[in-house]
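Notes for the structure review
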Amino acid sequence: MKLFKLLLLPALFCLNVHPSAAKNGKHTFAIQNGNFLYDGKPTQIHSGELHYARIPAPYWRHRMQMMKAMGLNAVATYVFWNHHEVAPGKWDWKTGNRNLAEFVKTAADEGLMVILRPGPYCCAEWDFGGYPWWLQKAEGLVIRTDNKPFLDSCRVYINQLAGQVKNLQVTKGGPIVMVQAENEFGSYVSQRKDIPLETHKRYSAAIRQQLIDAGFDVPMFTSDGSWLFKGGAIEGALPTANGEDNVEKLKKVVDEYHGGKGPYMVAEFYPGWLDHWNEPFPKISTESVVKQTKKYLDAGVSFNYYMVHGGTNFGFTSGANYSNDKNIQPDMTSYDYDAPISEAGWNTEKYDAIRTLMKENVKYKIPAVPERIPVISIPHIQLSKTADVFAMVEGMKAVESDDLKTFEDLDQGQGYVLYRRHFNQPIGGMMRVPGIADYGIVYVNGEKVGELNRVTGADSMEINVPFNGVLDILVENMGRINYGARITQNHKGIIQPVTIDGNEITGNWKMYQLPMDEMPDMAKLKNGYRKGMPVLYGGTFEVASPGDTFLDMEKWGKGIVFVNGINLGRYWKVGPQQTLYLPGCFLKKGKNEIVVFEQQNNEKKTEMAGVTTPVLDKLVK
């Protein structure tokens, strides 16, 4: 394989630059003779995964500097298709934390190689694994298989991506040294035995070819569990083994699928683990992570910490997993991941121990740990106004239908839908809502009577609707499934008929859409409050000097919080997350605005606070 050329990047001494390359100011990267070759010299990749989409853009550089100070020489990131195609055919590669090219250039400034993971499927506990929700609406389109409408859509995305970053590859003078083709496809092959292996293989080969056709000419790789290479390996791409701690097993399986030689890499080495609402916060010990890192260092195995810094699922970006054929396990707003660098960018005990190990084992200079971004407390955030959400709904135009419509039917991706049905005659008995997706609060004549919860399997309740009564079900989309065979079953809302006392309820349904895609303008809403009914709280607070803080949500119920127009994400009293990370770069010196959408509203609130320490491991049963 010919060596690719790279313009000299600042601070590349950390990459063990070959003297001849440094002299002429050019750099190369290749996979050759069983090694990663950087400037013709065998190089061990010490990478950390962090996702630009989960970090405010003003903090990208700080997080990369934290990685460098931990001893790493590369950064890996997923590219989430749905983070950039914000509506069908509408692309955003520039605003906020969507500027991928700027992220890559920042990595170059900091002397880091870049490993790009564009999917188009990513998983990553991200909504729908990175796919745009509306793909489900396209006639004849089947995701993640050899399906022409789907592959045509993938080609559009990949070409869009290439337009942003193909000139930032090592072959063009940039820091991108490798690109992943698909992602953990071996897992999907094992879960979808109903699809012939040949079909799976045609699909994954087509994705690699689309990347090549779009102009990606750096080495490509795949990543799968070591026992899943048969389905996941793609000819022409280096196979890497996720989570493989046995070095001999790693070498054996890579040799089998890569011509009897390396290089050997663990593209996902887990120093922490993912978190779900209503479940304990998992922890991985510092000792075990350091021990495994030492194994890789001694054996010359390259690795990528997944995650080195998790960040935050701001807004409605979090996805969901599942444990059986019916339930859902929504991913938390915090993506702290028990990673070496915390959600707010702090060094942890795990970080310090890895840094010490790296300093003992690498030849390049490791810089000092950057200063922590300032943290502030905000003791009193006054909530001066409330607005009754049901009163707000009364002024909205409903979609009327004899049958229940899903979010997708309503052309709505995220947020909430209120399903309303007026009854001319009384009805009572067991109400069953087997298609609740994912969480609903039930009201009769404007009074809360119960909750439906796909997380716990609560999809039925006794109900009594009187003569001339109104039934309301406020349904929340808690994130589309991001992993597994059920990723193809990702509609939201109420996706099956509702029955009461065995009677299917059809006719005269009204659906009110509450996407909450923008911060509600409290100035335009009437004051109003009813206990138990969904409510909007509004307020302002002063900040003398902006800094990071954590909104204390422990005494609240369930909902979302906006600050200065930015949706910080979901909170839910069940935990284990009890605070919401509010980056200081979202705040302004002086006056700041806050709006809270509280769904449960069991008691009226008058204030809230920003504290200096996050609470991410307090589960409430």
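In what follows, the accompanying structure is described. The shown structure was predicted, so the numbers you read here are calculated from the model rather than taken from an experiment.

1. Points about the layout of surface pockets
Computed from the structure, the largest pocket encloses a volume of approximately 1300 Å³. What lines the largest pocket is a set of 42 residues, and nearest its centre among them are Arg98, Gly315, Phe316, Thr317 and Asp517. Those elements that provide at least two residues to the lining of the largest pocket are α3 (81–84), β8 (85–87) and β34 (566–572). Per element, the largest residue contribution to the lining of the largest pocket is three residues, and it comes from β8.

2. Observations regarding the pattern of salt bridges
The final tally for this structure, using the stated rule, is 26 salt bridges. Lys294 is paired through a salt bridge with Asp298; the nearest N and O atoms lie 2.8 Å apart. In this pair, Lys294 and Asp298 are both assigned in helix α10 (residues 286–299), four residues apart and thus about one turn of the helix distant. Among the residues examined, Lys294 registers a relative accessible area of 31% and is labelled partly exposed. Look at Asp298 and you get exposed, because its relative accessible area is 53%.

3. So, unusual backbone geometry
At the junction of Gly119 and Pro120, the peptide bond is cis and its omega measures out at 15° in the coordinates. Among the secondary structure elements, Pro120 is positioned in the loop between β10 (113–117) and α5 (148–165). Unlike most non-glycine residues, Glu182 shows phi in positive territory, near 55°. In this structure, Glu182 sits in the loop between β11 (176–180) and α6 (185–191). On the accessibility criterion, Glu182 (1% relative accessible area) is buried.

4. Here we look at the packing of aromatic side chains
If you walk through the whole model with that rule in mind, you get 38 aromatic pairs. Ring geometry for Tyr52 and Trp60: centres 6.3 Å apart, planes at 85°, overall edge-to-face. The exposure class assigned to Tyr52 is buried, which follows from its relative accessible area of 0%. Ring centres of Phe316 and Tyr416 lie 6.3 Å apart, and the angle between their planes is 75°; on these two criteria the pair is classed as edge-to-face. With Phe316 in the loop between β15 (302–305) and β16 (320–321) and Tyr416 in strand β20 (residues 416–423), this pair connects stretches of sequence that are 100 residues apart.

5. As for the side chain of His276
Summarising the element assignment, His276 is placed in the loop between β14 (265–269) and α10. Classification of His276 by relative accessible area gives buried; the value is 8%. Among the polar contacts made by the side chain of His276, one reaches the side chain of Glu279 at a distance of 3.0 Å. Here Asp331 takes part through its side chain, which lies 3.4 Å from a polar atom of the side chain of His276. Sequence-distant contacts of His276, defined by excluding residues within four places in its chain, comprise Asn321, Gln329, Pro330, Asp331, Met332 and Pro576.

6. Details of the packing of helix α2 (residues 60–70) against helix α4 (residues 100–109)
Contact pair α2 / α4: the axes reach a minimum separation of 10 Å and the direction vectors enclose 40°. The angle between α2 and α4 places the two elements in the oblique class. Crossing geometry of α2 relative to α4 is assigned as right-handed. Along its contact with α2, which presents Trp60, Arg61 and Met64, the element α4 presents Glu102, Phe103, Thr106, Ala107 and Asp109. For the contact of α2 with α4, the class distribution of residues is four nonpolar, one polar and three charged.

7. Concerning empty space enclosed by the protein
The final tally for this structure, using the stated rule, is one cavity of 30 Å³ or more. If you go around the largest cavity, the residues you meet are Ala76, Ile115, Arg117, Met178, Phe221, Met265, Ala267 and Asn304. Going through the elements one at a time, β10 and β14 are the ones with two or more residues in the lining of the largest cavity. The residue inventory of the lining of the largest cavity, partitioned by class, reads six nonpolar, one polar and one charged.

8. Side note on the nonpolar core
Leu100, Tyr131, Met178, Phe216, Leu551, Val561 and Ile594 are the most contacted members of the largest nonpolar core, which has 125 residues in total. Sort the elements by how many residues they give to this core and α5 lands first, with eight residues. Formed by 35 residues, the second largest nonpolar core is a distinct cluster that contains Phe281, Val389, Ile441 and Ile481.

Quick notes on the rules
Residues numbered from 1 in each chain as written. Predicted model: local features only at pLDDT ≥ 70, side-chain atom pairs only at ≥ 80, totals over all residues. Heavy atoms only, no water. 1 Å grid on protein atoms, 1.4 Å probe; cavity = no way out; pocket = protein on both sides within 12 Å on 5 of 7 lines; lining within 4 Å. Points joined across faces, edges and corners; volume = space filled by probe spheres on them. Helix = DSSP H or I, 4+ residues; strand = E, 2+ residues; numbered from the N terminus. Salt bridge = Lys/Arg side-chain N within 4 Å of Asp/Glu carboxyl O. Buried < 20%, exposed > 50% of the residue type's maximum accessible area, 1.4 Å probe, protein only. Phe/Tyr/Trp six-rings, centres within 6.5 Å; stacked < 30°, edge-to-face > 60°. Polar contact = N/O pair within 3.5 Å; in protein donor to acceptor, adjacent residues only side chain to side chain. Contact = heavy atoms within 4.5 Å. Axes fitted to C-alpha atoms, helices over the stretch in contact; angles between N-to-C directions. Parallel < 35°, antiparallel > 145°, perpendicular 65-115°, else oblique. Left-handed = near helix turned anticlockwise from the far one by under 90°. Nonpolar A, V, L, I, M, F, W, Y, C, P; charged D, E, K, R; others polar. Core = buried A, V, L, I, M, F, W, Y, C linked by side-chain atoms within 4.5 Å.

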